[in-house]
Amino acid sequence: SQKIEQNSEALNIQEGKTATLTCNYTNYSPAYLQWYRQDPGRGPVFLLLIRENEKEKRKERLKVTFDTTLKQSLFHITASQPADSATYLCALQGGYSTLTFGKGTMLLVSP
Amino acid sequence: DVKVTQSSRYLVKRTGEKVFLECVQDMDHENMFWYRQDPGLGLRLIYFSYDVKMKEKGDIPEGYSVSREKKERFSLILESASTNQTSMYLCASSLIVAGTRGNQPQHFGDGTRLSIL
């Protein structure tokens, strides 16, 4: 069956460093992958979408890569700030317009 | 900006009650979704709808039903609430764009934290 894995342990980094979060998947060949941010007590907020024919996508301090051979996406936040602290979810194309979400990785950026 | 509004942030109900969770979106999106989110289990799709009066089961539909009488409104119904339905419920919507293979972001409400006692 389809499986999406994100690091369950929180990632702790210092302000100004680059945070790198990983999303691995198996038994899956998604046409696209999305990343979301979720703050405590709030719904997820869409950040970036990358298609299977795109290797890399950037938006301001965010960068996403998508390696369909390795079945992996990496999500980078450069020059991280305490305000970047949140849980980050990756989501893969499911069936009709649906998404299958990973369980998320918590990022903690300390000043 | 898309706004997805869920009727209650917190709700407490008793076992056996019929519970209605309401969701309204203001951007004329065709797709609407209901998820539940539990610690350690992540977001799981309960039901979705791609048009008025249309509904499709997600991964965990048992014990739930849905209603979509108007395009902007999608209701989740717990027919007879049980304690294992205590959870955070999230509603989302997305646009259908021809030729994109369902390739659109989902916009979420802020959730309803439901406790069944």
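Throughout, residues of each chain are indexed from 1 in the direction in which the sequence is written. Whichever chain is written first becomes A and whichever ligand is written first becomes 1, with later ones labelled in order. Totals for whole chains, interfaces and linings use all residues, but because this is a predicted model, local features are given only for residues with pLDDT of at least 70 and pairs of side-chain atoms are given and counted only at 80 or more. Computation of side-chain values covers all heavy atoms of the structure but excludes hydrogens and water.

**As for the nonpolar core**
Buried Ala, Val, Leu, Ile, Met, Phe, Trp, Tyr and Cys residues form a nonpolar core when they are joined through side-chain atoms within 4.5 Å. Buried means the residue's accessible area, taken with a 1.4 Å probe over protein chains only, is under 20% of the maximum for its type, while exposed means over 50%, and partly exposed covers the values in between. With 23 residues, the main nonpolar core has Ile-4, Trp-35, Phe-75, Ile-77, Tyr-88, Leu-92 and Leu-107 of chain A as its most contacted residues. Helix and strand definitions here come from DSSP, where helices need a minimum of 4 consecutive H or I residues and strands a minimum of 2 consecutive E residues; each element is numbered from the N-terminal end. Mapped onto this core, the elements with two or more residues apiece are β3 (19–26), β4 (32–38), β5 (45–51), β7 (62–67), β8 (72–77), β9 (86–93) and β11 (105–110) of chain A. Of all hydrophobic cores here, the second largest spans 20 residues; its members include Val-4, Leu-21, Cys-23 and Ile-116 of chain B.

**Observations regarding the side chain of His-76 of chain A**
Residue and element names in this part refer to chain A. Tracing the chain through its elements places His-76 in strand β8. Given a relative accessible area of 15%, His-76 falls into the buried group. Within the structure, the side chain of His-76 is placed 3.0 Å from the side chain of Thr-20, a separation counted as a polar contact. Pairs of residues are marked as contacts when any of their non-hydrogen atoms sit within 4.5 Å. Once you skip the residues sitting within four places of it in the chain, His-76 turns out to touch Thr-18, Ala-19, Thr-20, Arg-61, Leu-62 and Lys-63. We call two N or O atoms a polar contact when they sit within 3.5 Å, provided that within protein one can donate a hydrogen and the other can accept it, with sequence-adjacent residues counted only if both atoms are side-chain atoms.

**Structural notes on the confidence of the model for chain B**
Per-residue confidence for chain B averages 93 on the pLDDT scale, and 96% of its residues sit at or above 70. Confidence scores here are pLDDT values: one per residue, from the predictor, ranging 0 to 100. Mean pLDDT per element in chain B: strand β6 (residues 56–57) of chain B is the minimum at 94, and strand β11 (residues 112–116) of chain B is the maximum at 98.

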